[in-house]
Amino acid sequence: MKDIRTLSLDQLKDYFGSLGEKPFRAKQVYDWLWSKNLHSIEEMTNLSKQLRDKISEEYTINPVSVDQLQKSTDGTIKNGVKLHDGLLVESVLIPTETRTTACVSSQVGCSLNCEFCATARLKRMRNLEVAEIVDQVALIDSQSKMYFNRPLTNIVFMGMGEPMMNYKNVVEAIRKITQPEGLGMSPRRITVSTSGLPKMIKMLADDELRVKLALSLHSAIEVKRNEIMPFSDKFPLTDIMESLQYWYKKTGSVITFEYCVWKGINDGDEDIKALIKYCKQVPSKVNLIQYNPIGDGKYDQCNKKAEDNYVRQLENAGITVMIRKSRGGDIDAACGQLANKEAE
């Protein structure tokens, strides 16, 4: 049977109209599905038993479930999330003293081929559906309340998959997450991270979701970036920059460049100078991400001296830079490590 959550509010109104029910029934069901995140038609207690039975004859609800939960020594929680067809993705709850962040997935596997990322080694099986994305957020919100006694504060689309390659569903999920009739979260607390698809960056700007944008950069030297992220040879840095400038003009939102520094790969002065030049073209800041090994030995975290050199030169150039410390590395929950390892 079809998942009732695939129906829009207008489609729900049409459906209940066909049953001879008044339009407000659609709003009641929509509230159960997206605000209360209910996973059982039978529990929609403001509907008659007869109506619930009728709905259940035609529709079902396919919620995600936690197949495996792992806790890191730093408090990070990784969920192995099972989908209705038995496929698995991973989502992560990252706590700090002031916030709890959900790192959610958008694809089963990944469409891209970044050399340093474990997820990129998985075959892309399919895009996640809208409800599967929202379910991850609702699940982590409940975990945040359970384990840390506070609701979820932030969401990052930095889990498995490239969000821009599941654009329609990711955008609709964000709308469900942020609308008052949904989870009611602020869009300013949501960050969409992309590896750099210029056309889709512009589309996201045009859709005016008021979310933040992060670009996985890792090198501002074209040939070097293409070696690190082979798919990027189809998307020149000049085209990406033009789309980022468009983004800033439309949204006024500063771009975050996500940047790993690897020993012997992009840890030299020429790499820093190229990054500074690139950053100067659009209002931006840099997150230096501590690399999380994936077991191949090809990419190694740079030494402290090289990292300090990046920070010093970026700050001297007037560019805001932060070092983002690795979280959840002991359970393979850190950036670039999500690969369903425990489920294999």
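Just above sits the structure.
Remember, it's a predicted structure, so these values are computed and weren't measured experimentally. (Residues numbered from 1 in each chain as written. Predicted model: local features only at pLDDT ≥ 70, side-chain atom pairs only at ≥ 80, totals over all residues. Heavy atoms only, no water.)

A few points about unusual backbone geometry
Excluding glycine, most residues fall at negative phi; most peptide bonds, likewise, are trans. Its identity as a non-glycine residue notwithstanding, Asn149 has a phi of 60°, on the positive side. With respect to the secondary-structure elements, Asn149 resides in the loop between helix H4 (130–148) and strand S9 (154–157). One non-glycine residue, His218, lies in positive phi territory at about 70°. For His218, the position within the fold is in the loop between strand S11 (212–216) and helix H7 (222–228). Look at His218 and you get buried, because its relative accessible area is 2%. (Helix = DSSP H or I, 4+ residues; strand = E, 2+ residues; numbered from the N terminus. Buried < 20%, exposed > 50% of the residue type's maximum accessible area, 1.4 Å probe, protein only.)

Here's the deal with a nonpolar patch on the surface
Where nonpolar side chains cluster on the molecular surface, the patch consists of Val66, Leu69, Met146 and Tyr147 and spans about 350 Å² of accessible area. Elements with a contribution of two residues or more to the nonpolar patch: strand S3 (65–71) and H4. Along the chain, the position of Tyr147 falls in helix H4. (Patch = residues over 30% accessible without salt bridge, like charges linked within 9 Å, V, L, I, M, F, W, Y side chains within 5 Å. Areas by Shrake-Rupley, 256 points an atom, 1.4 Å probe, with all protein chains shown as cover. Salt bridge = Lys/Arg side-chain N within 4 Å of Asp/Glu carboxyl O.)

So, helix H1 (residues 9–18)
Among the residues making up H1, those that are buried are Leu12, Tyr15 and Phe16. Buried residues of H1, viewed axially, fall in a sector of 90°; they line one side. Summarising the geometry of H1, the exposed residues directed more than 90 degrees from the buried face are Asp10, Asp14 and Ser18. Buried residues belonging to H1 abut helix H2 (24–35), helix H3 (49–58) and strand S2 (59–60). Count one or two residues on from H1 and you reach Gly20, which has phi positive near 80°. (Arc of directions from axis to C-beta. Contact = heavy atoms within 4.5 Å.)

A few points about a positive patch on the surface
The grouping of Arg99, Arg188, Arg189, Arg210, Lys212 and Lys285 at the surface amounts to a positive patch. Here Arg188 is to be found in the loop between helix H5 (167–178) and strand S10 (190–194). Residue class for Arg188 comes out partly exposed when judged on its relative accessible area of 36%. (Lys, Arg positive; Asp, Glu negative; His and termini not counted. Charge placed at Lys NZ, Arg CZ, Asp CG, Glu CD.)

Points about the pairing of strand S13 (residues 284–289)
Burial analysis of S13 places 5 of its 6 residues in the buried class, which makes it a mostly covered element. Bridge count for strand S12 (residues 255–260) against S13 is 6 bridges, and the pairing is parallel. When the bridges of S13 are listed, Tyr259 appears paired with Leu288. Taken together, S12, helix H9 (residues 269–279) and S13 constitute a β-α-β crossover, and its handedness is right-handed. Relative to strand S14 (residues 321–324), S13 is paired through 4 bridges, and the arrangement is parallel. By the bridge assignment, Ile289 is partnered in S14 with Arg324. (Pairing = 2+ DSSP bridges. Right-handed = clockwise from strand over helix to strand, strands pointing away.)

Quick notes on the nonpolar core
In this structure, Leu204, Phe257 and Val286 are the most contacted members of the largest nonpolar core, which totals 102 residues. Excluding residues that lie within four positions of it along the chain, Val286 makes contacts with Phe257, Tyr259, Leu275, Cys279, Leu314, Ile319, Thr320, Val321 and Met322. (Core = buried A, V, L, I, M, F, W, Y, C linked by side-chain atoms within 4.5 Å.)

A look at the pattern of salt bridges
The full count for this structure, using the stated rule, is 20 salt bridges. Lys82 is the partner of Asp67 in a salt bridge, and the nearest nitrogen-oxygen pair spans 3.5 Å. One end of the pair, Asp67, is in strand S3; the other, Lys82, is in strand S4 (residues 77–82), with 15 residues separating them in the sequence. Looking at Asp67, the relative accessible area reads 41%, which means it is partly exposed. Three or more residues joined by partner-sharing salt bridges are found here, namely Asp3, Arg5 and Asp135.

Some thoughts on the packing of aromatic side chains
This model, assessed by the stated rule, comprises 9 aromatic pairs. Relative to Tyr291, the ring of Trp262 has its centre 5.7 Å away and its plane inclined at 80°; by these criteria the two rings are edge-to-face. Taken together, the residues Trp262 in the loop between S12 and H9 and Tyr291 in the loop between S13 and helix H10 (304–316) connect sequence positions 29 residues apart. Per residue, the accessibility class of Trp262 equals that of Tyr291, and both read buried. Put simply, the rings of Phe116, Trp262, Tyr291 and Tyr299 pair up and form one aromatic cluster. Geometry around Tyr246 places Lys202 over its ring, the cationic atom sitting 5.8 Å from the centre. (Phe/Tyr/Trp six-rings, centres within 6.5 Å; stacked < 30°, edge-to-face > 60°. Lys NZ or Arg CZ within 6 Å of the ring centre and 35° of its normal.)

Description of the environment of Val286
Relative to the helices and strands, Val286 resides in strand S13. Remark: the alpha-carbon pair of Val286 and Phe157, spanning 129 residues in sequence, is separated by 17 Å.

Take it as geometry only, folks, not as evidence of what the structure does.
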